[in-house]
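Architecture at a glance
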Amino acid sequence: MLRTILAITGKPGLFKIVSHGNRMLLVEDLISKKRTPVHARDKVVSLGDIAMYTEGDDKPLGEILDLVYAYKNGEKIEVKAMDNDTLRATFGEILADYDRDRVYPSDIKKLFTWYNLLLDAGFTKFTEEEKAEAQEETSEE
């Protein structure tokens, strides 16, 4: 599911891939449903490709979003009311072993903002599809 959700540098919000063409993607804003083209010169990152630093192995964004969802019982996070210390403390309760030297408050704020956007778009599970795809690949082998 997160593989089709994109963050585009310079554009607020998150976008879903609708179609792709020659050196261009057609994306749709998750909230406003407005469609717009994204060209090869734009920096685009799939949420499925993002991971956060921990003291051990990096943790995929989908797993972290599931942890946030469980921590907040499916409710939104008031990001604007949090200062840097509150962001770090809250994220520390969600993911105790995150790397405090390499994960900045701006990263945590972006994570919480994306979480709120995904909730507004109706998402409640963030890793289920990827796990199902991985199980299918394993059973085929």
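The sections below set out a description of the structure shown in this document. (Residues numbered from 1 in each chain as written. Predicted model: local features only at pLDDT ≥ 70, side-chain atom pairs only at ≥ 80, totals over all residues. Heavy atoms only, no water.)

1. Things to note about the pairing of strand E1 (residues 5–8)
This is how it is decided: Burial classes: relative accessible area under 20% of the type maximum marks a residue as buried, over 50% as exposed, and values in between as partly exposed (1.4 Å probe, protein chains only). Here a strand is any run of E in DSSP of at least two residues, a helix any run of H or I of at least four, and the numbering for each starts at the N terminus. Whether two strands pair comes down to DSSP finding at least two bridges between them.
Here E1 shows no split at all, with Ile5 and Ala7 on one side and Leu6 and Ile8 on the other all buried. Here E1 runs beside strand E2 (residues 15–21); their pairing, made up of two bridges, is antiparallel. If you follow Leu6 over to E2, its bridge partner there is Phe15. Where E1 folds back on E2, the antiparallel hairpin that results is connected by six residues, among which Gly10 adopts a positive phi of roughly 90°. In this sheet, strand E5 (residues 44–46) lies alongside E1 in antiparallel orientation, the contact comprising three bridges. Considered in E5, the bridge of Ala7 is made with Val45.

2. Some remarks on the sheet that holds strand E4 (residues 35–39)
What counts is decided by this rule: Fitted lines through C-alpha atoms serve as axes, helices being fitted only where they are in contact, and the angles separating the N-to-C directions of these axes extend from 0 to 180 degrees.
With antiparallel pairing, five strands are arranged side by side in an open sheet as E4-E3-E2-E1-E5. A strand with exactly one partner marks an edge of an open sheet, and here the two such strands are E4 and E5. Sheet twist, expressed as the mean angle between neighbouring strand axes with direction ignored, is 45°. Taken together, the five bridges between strand E3 (residues 24–29) and E4 define a ladder with antiparallel strand orientation. In the strand pairing of E4, Leu25 is matched with Val38.

3. Examining the packing of helix H1 (residues 61–71) against helix H3 (residues 105–120)
Which entries qualify depends on this criterion: Working definition: roughly parallel below 35 degrees, roughly antiparallel above 145 degrees, roughly perpendicular at 65 to 115 degrees, and oblique for all remaining angles. What makes two residues a contact is simply this: any of their non-hydrogen atoms within 4.5 Å. The residue classification treats Ala, Val, Leu, Ile, Met, Phe, Trp, Tyr, Cys and Pro as nonpolar and Asp, Glu, Lys and Arg as charged. All others, Gly included, are polar.
The N-to-C vectors of H1 and H3 enclose an angle of 75°; their axes lie 11 Å apart at closest approach. If you check the angle between H1 and H3, you find them roughly perpendicular. Of the residues in H3, those in contact with Leu61, Ile64, Leu65, Val68 and Tyr69 of H1 are Leu111, Phe112, Trp114, Tyr115, Leu118 and Leu119. Residues belonging to the contact of H1 with H3 are distributed by class as follows: 11 nonpolar, no polar and no charged.

4. A few points about the layout of surface pockets
Worth spelling out the cut-off: Every definition here rests on a 1 Å grid over the protein atoms only: cavities are sets of points where a 1.4 Å probe fits but cannot get out, pockets are open sets enclosed by protein on both sides within 12 Å along at least five of seven lines, and lining residues have some atom within 4 Å of a point. Grid points are joined across faces, edges and corners, and a volume is the space filled by probe spheres set on the points.
Here the largest pocket defines a volume of roughly 500 Å³. Listing elements by their share of the lining of the largest pocket, those giving two or more residues are E1, strand E6 (51–52) and H3. A total of six residues in the lining of the largest pocket trace back to one element, the largest contributor, which is H3. The residue makeup of the lining of the largest pocket, split by class, is 14 nonpolar, three polar and five charged.

5. With respect to H1
We count it as follows: Our arc is simply the arc of the directions from the helix axis toward the C-beta atoms.
Listed in full, the buried residues belonging to H1 are Leu61, Gly62, Ile64, Leu65 and Val68. Viewed end-on, H1 has its buried residues packed into an arc of 160°, placing them on one side of the element. The inward-facing, buried residues of H1 abut E6, strand E7 (59–60), helix H2 (84–94) and H3. A positive phi of about 55° marks Asn73, the residue just after H1.

6. Here we look at the environment of Lys125
With respect to the helices, strands and loops of the structure, Lys125 is situated in the loop between H3 and helix H4 (128–140). The class of Lys125 is exposed, set by a relative accessible area of 53%. A sequence separation of 60 residues divides Lys125 from Leu65, and the C-alpha atoms of the two residues are 8.3 Å apart. Not counting the four nearest positions on each side in its chain, Lys125 is found in contact with Met1 and Asp66.

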